[in-house]
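A look at the structure
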Amino acid sequence: MSKSKKYYVVWNGLAPGIYTSWEECKAQVQGVAGAQFKSFASMEEARQALRMAYGDVIKSSRTPVGAEVKRRSVLTVDAAGIVSVVEGTPNPPLLNALAVDAACSGNPGKMEYQGVYVGTGTQLFHYQAPLGTNNIGEFLAIVHGLSYLKKHRLDQVLYTDSATALSWVRQGACKSKLPENERTRELWDYVHRAEQWLRTNSYTTEIRKWDTDRWGEIPADFGRKGR
């Protein structure tokens, strides 16, 4: 069964307006702090929404912006679409930050990772490989995040929930024992490019360990634990 057509309204992005595909919408909001966007089932609904203030639309629909990314634990979204941290959270995470995470269907198995802006839940980048491991994905996600922040000259903290990948990044090398063969050659080429980036680039980004025990799942989590 084909997916229903959606129309995307962008209030705050590179070029506000109505877009007829997620890819077009994503191009307008990716990397934009405080991006405001929402999908609608019809063009008429989208046109009506664009004539309204973003906060009023969110208040009436009670649907948080960036619904593609699930909100968890310490991060909440109010009726106006403002992201905040639950009051009383000990040493709360920063909202002006980049969070990265990976998921793997089997280990090894189909692997993917993503980077998400904590303050809005907007996905900033995504990569997948037909065969990999979770640790490789976590390693690549951190390096991709470092590269992204440096390229866009963003002074943000980078969060990861993987102590292993963080250790590999600090050593400048992926220590995975996944065999290099025909099935994994493309992935390993990507890994070696990431290692090369670490060797040839300096960065000032502070990498912090996401405190899952106190804060819940990292915002970039794919939500597949226990499946």
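Refer to the structure above for everything that follows.
Here we summarise the structure given alongside this text. As the structure is a prediction and not an experimental result, all values here were calculated from the model.

Reading the values: rules and limits
Residues numbered from 1 in each chain as written. Predicted model: local features only at pLDDT ≥ 70, side-chain atom pairs only at ≥ 80, totals over all residues. Heavy atoms only, no water. Buried < 20%, exposed > 50% of the residue type's maximum accessible area, 1.4 Å probe, protein only. Helix = DSSP H or I, 4+ residues; strand = E, 2+ residues; numbered from the N terminus. Pairing = 2+ DSSP bridges. Expected span 1.5 Å × (residues − 1). Phe/Tyr/Trp six-rings, centres within 6.5 Å; stacked < 30°, edge-to-face > 60°. Lys NZ or Arg CZ within 6 Å of the ring centre and 35° of its normal. Axes fitted to C-alpha atoms, helices over the stretch in contact; angles between N-to-C directions. Parallel < 35°, antiparallel > 145°, perpendicular 65-115°, else oblique. Left-handed = near helix turned anticlockwise from the far one by under 90°. Contact = heavy atoms within 4.5 Å. Nonpolar A, V, L, I, M, F, W, Y, C, P; charged D, E, K, R; others polar.

Here we come to the pairing of strand β9 (residues 157–160). Here β9 shows two buried faces, one formed by Val-157 and Tyr-159 and the other by Leu-158 and Thr-160. Where strand β6 (residues 97–106) and β9 come together, three bridges link them in parallel fashion. Bridge assignment links Leu-98 to a residue of β9, and that residue is Leu-158. Summarising the sheet, β9 and strand β10 (residues 207–209) pair through three bridges and their orientation is parallel.

Its 18 residues place the ends of helix α4 (residues 134–151) 25 Å apart at the C-alpha level, agreeing with the 26 Å of an ideal helix rising 1.5 Å per residue. Restricting attention to buried positions, one finds in α4 the residues Ile-136, Gly-137, Glu-138, Phe-139, Leu-140, Ala-141, Ile-142, Val-143, Gly-145, Leu-146, Tyr-148 and Leu-149. Arg-153 sits one or two residues past α4 and shows a positive phi near 55°.

Our focus in this paragraph is the packing of aromatic side chains. By the definition in use, this model includes twelve aromatic pairs. Ring plane angle 90° and centroid distance 5.1 Å describe the contact between Tyr-159 and Trp-210, whose orientation is recorded as edge-to-face. Note that Tyr-159 is positioned in strand β9 and Trp-210 in the loop between β10 and α7 (212–215), a separation of 51 residues in sequence. For the residue pair Tyr-159 and Trp-210, the accessibility class agrees, reading buried in each case. Summarising the aromatic geometry, the rings of Tyr-159 and Trp-215 are spaced 6.0 Å apart at their centres and angled 85° between planes, so their arrangement reads as edge-to-face. Within this pair, whereas Tyr-159 is found in strand β9, its partner Trp-215 is found in helix α7, the two being separated by 56 residues in sequence. The exposure class assigned to Trp-215 is buried, which follows from its relative accessible area of 7%. Taken together, the aromatic side chains of Tyr-113, Phe-125, Tyr-127, Tyr-148 and Tyr-190 make up a single cluster linked through ring pairs. Its guanidinium or amino end placed over the ring of Tyr-7, Lys-5 lies 5.8 Å from that ring's centre, counting from NZ or CZ. Between Lys-38 and the ring centre of Phe-40, over which it is positioned, the NZ or CZ distance is 4.7 Å.

Taken together, five strands build an open sheet; the order of strands is β8-β7-β6-β9-β10 and the sheet is mixed. Edge strands, defined here as strands with exactly one partner in the open sheet, are β8 (122–132) and β10. The mean angle between the axes of side-by-side strands here comes to 20°, regardless of whether they run parallel or antiparallel.

Before going further, it helps to examine unusual backbone geometry. With an omega of 15°, the peptide bond between Asn-107 and Pro-108 qualifies as cis. Within the secondary structure, Pro-108 sits in the loop between β6 and β7 (109–117). With a phi close to 55°, Arg-153 is a non-glycine residue in the positive phi region. The topology assignment puts Arg-153 in the loop between α4 and β9.

Moving on, we get to the packing of α4 against helix α6 (residues 185–200). Between α4 and α6, the shortest axis-to-axis distance is 10 Å and the interhelical angle comes to 45°. For the element pair α4 / α6, the angle class is oblique. Here the hand of the crossing between α4 and α6 comes out left-handed. Taking contact as the criterion, the partners of Ile-136, Phe-139, Leu-140, Val-143, His-144, Leu-146, Ser-147 and Lys-150 in α4 are, on α6, Leu-187, Trp-188, Tyr-190, Val-191, Ala-194, Glu-195, Trp-197 and Leu-198. Looking at the contact of α4 with α6 residue by residue, the class counts come to twelve nonpolar, two polar and two charged.

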